[in-house]
Amino acid sequence: MPTILILNGPNLNLLGTREPEVYGADTLDDIVDELRSLAAERGYEVEAVQSNAEGELVDALHAARATAAGVVFNPGAYTHTSIALRDAISAVELPVVETHLSNVHAREEFRHTSMLSAVCLGVVGGFGRTSYRLALDAVISHLEP
Ligand code: CA2
């Protein structure tokens, strides 16, 4: 079965333990479990990676070239700062959907800029865990128009 990488950046391992008013009550495992069953219904496997380290996220994108057909990526705060992740997304030439739990445009000004959106297939944000479902649907729909 083809694989979709669910890639999550810094602090997202804390989901479900703090700030539920901003990020919801679900844990990252809850979200990944749901994506795994939704993907399976459509004939895809899910691989999930979370890292707090920018370089490890770059490495995961590089590895995805050989293992994944597409990527659902919540880069966390690196969204707003990381030229290294932007270059990695461009280099791997995979469909990557930038995904956010919160509506970054309704938050602090520094969250209004993404270094990554321009090199992603698209962006989904503001819908809590539903953002991930929509992003998965977008990746699969892109692969199977
Ligand atoms: O809305 C999103 O998904 C973000 O990518 C989340 C990042 C934030 O820096 C981005 O601007 C938007 C922060 C992730 C922090 O996750 C936490 C989860 C639980 C408790 C504390 C932080």
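See the structure above.
Residues numbered from 1 in each chain as written. Predicted model: local features only at pLDDT ≥ 70, side-chain atom pairs only at ≥ 80, totals over all residues. Heavy atoms only, no water.

With respect to topology, five strands assemble into an open sheet ordered 2-1-3-4-5, the strand pairing being parallel. The sheet is open, and its two borders are formed by strand 2 (45-50) and strand 5 (122-125), each paired with just one other strand. Each adjacent strand pair in this sheet contributes to an overall mean axis angle of 20 degrees, direction not counted. Of the strands in this sheet, strand 1 (3-8) and strand 2 touch helix 2 (residues 28-41), which is tilted by about 160 degrees from strand 2. Helix 3 (residues 54-67) rests against strand 1, strand 2 and strand 3 (70-74) of the sheet, and its axis sits at about 175 degrees to strand 1. (Pairing = 2+ DSSP bridges. Helix = DSSP H or I, 4+ residues; strand = E, 2+ residues; numbered from the N terminus. Axes fitted to C-alpha atoms, helices over the stretch in contact; angles between N-to-C directions. Contact = heavy atoms within 4.5 Å.)

To continue, consider the site of the ligand. If you check the shell around the ligand, you find 17 residues, and the closest are N74, H80, L101, S102 and R111. With respect to the ligand, the side chain of H80 contributes an N or O atom lying 2.7 Å from an oxygen atom. Interatomic distance of 2.8 Å between a backbone N/O atom of L101 and an oxygen atom of the ligand. Considered on its own, the ligand offers 510 Å² of accessible surface; in the complex 95% of this is hidden by protein. Considering only residue class, the shell around the ligand consists of eight nonpolar, six polar and three charged. (Near = heavy atom within 4 Å. Polar contact = N/O pair within 3.5 Å; in protein donor to acceptor, adjacent residues only side chain to side chain. Areas by Shrake-Rupley, 256 points an atom, 1.4 Å probe, with all protein chains shown as cover. Nonpolar A, V, L, I, M, F, W, Y, C, P; charged D, E, K, R; others polar.)

Turning our attention to the pairing of strand 4 (residues 96-100). Where burial is concerned, most of strand 4 is hidden: five out of the five residues are buried. Neither face of strand 4 is left uncovered, since the one carrying V96, E98 and H100 and the one carrying V97 and T99 both have all their residues buried. Alignment of strand 3 against strand 4, held across three bridges, turns out to be parallel. Bridge pairing in strand 4 links F73 to E98. Crossover connection from strand 3 via helix 4 (residues 83-92) to parallel strand 4: handedness right-handed. Pairing geometry for strand 4 and strand 5, over four bridges, is parallel. Within strand 5, the position partnered with V97 by the bridge is G122. (Buried < 20%, exposed > 50% of the residue type's maximum accessible area, 1.4 Å probe, protein only. Right-handed = clockwise from strand over helix to strand, strands pointing away.)

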